[in-house]
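# Fold and contact review
Given next are the chains, with one letter for each unit.
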Amino acid sequence: MMTCVLALAACGGRSGVRGVDGPIAQACLAADRSAASPALCSCVQRVANAELSSRDRSRVASFFDDPEVAHATKISDTRANDAFWDRYRSFISQARNTCG
């Protein structure tokens, strides 16, 4: 579970980089991870735009600030959270395949 969050959290660096737009890209950059770049964070955002609703994108962006939110979502026993987690896993897979 944490692998998914850490995979996305690997995109970190400087916030406010020109050309990087969207909640996930901004959270990715603000996470200040060494593997990040504006190109990688923008790629992840593009995949999110194609794969997730705006509500899901906001939720995923919150995982960067507090990975425990991701953990609580994963272990939650509700149909809504289970459905979200399925979408999230699909997004993670697509982001890894697309963005490297």
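Above this text is the structure in question.
Report on the accompanying structure. (Residues numbered from 1 in each chain as written. Predicted model: local features only at pLDDT ≥ 70, side-chain atom pairs only at ≥ 80, totals over all residues. Heavy atoms only, no water.)

## A closer look at the pattern of salt bridges
Per the stated rule, a full pass over the model turns up one salt bridge. Close ionic contact of R87 with D56 constitutes a salt bridge, the shortest N to O distance being 2.6 Å. Here R87 is found in helix α6 (residues 79–99), whereas its partner D56 is found in helix α4 (residues 54–65), with 31 residues between them in sequence. What makes R87 partly exposed here is its relative accessible area of 37%. Classification of D56 as buried rests on a relative accessible area of 6%. (Salt bridge = Lys/Arg side-chain N within 4 Å of Asp/Glu carboxyl O. Helix = DSSP H or I, 4+ residues; strand = E, 2+ residues; numbered from the N terminus. Buried < 20%, exposed > 50% of the residue type's maximum accessible area, 1.4 Å probe, protein only.)

## Observations regarding the nonpolar core
In terms of nonpolar packing, the biggest core is built from 25 residues, with I24, V60, Y88 and F91 touching the most fellow members. Of all elements in the fold, only α2 (23–30), α3 (38–51), α4 and α6 reach the threshold of two or more residues within this core. (Core = buried A, V, L, I, M, F, W, Y, C linked by side-chain atoms within 4.5 Å.)

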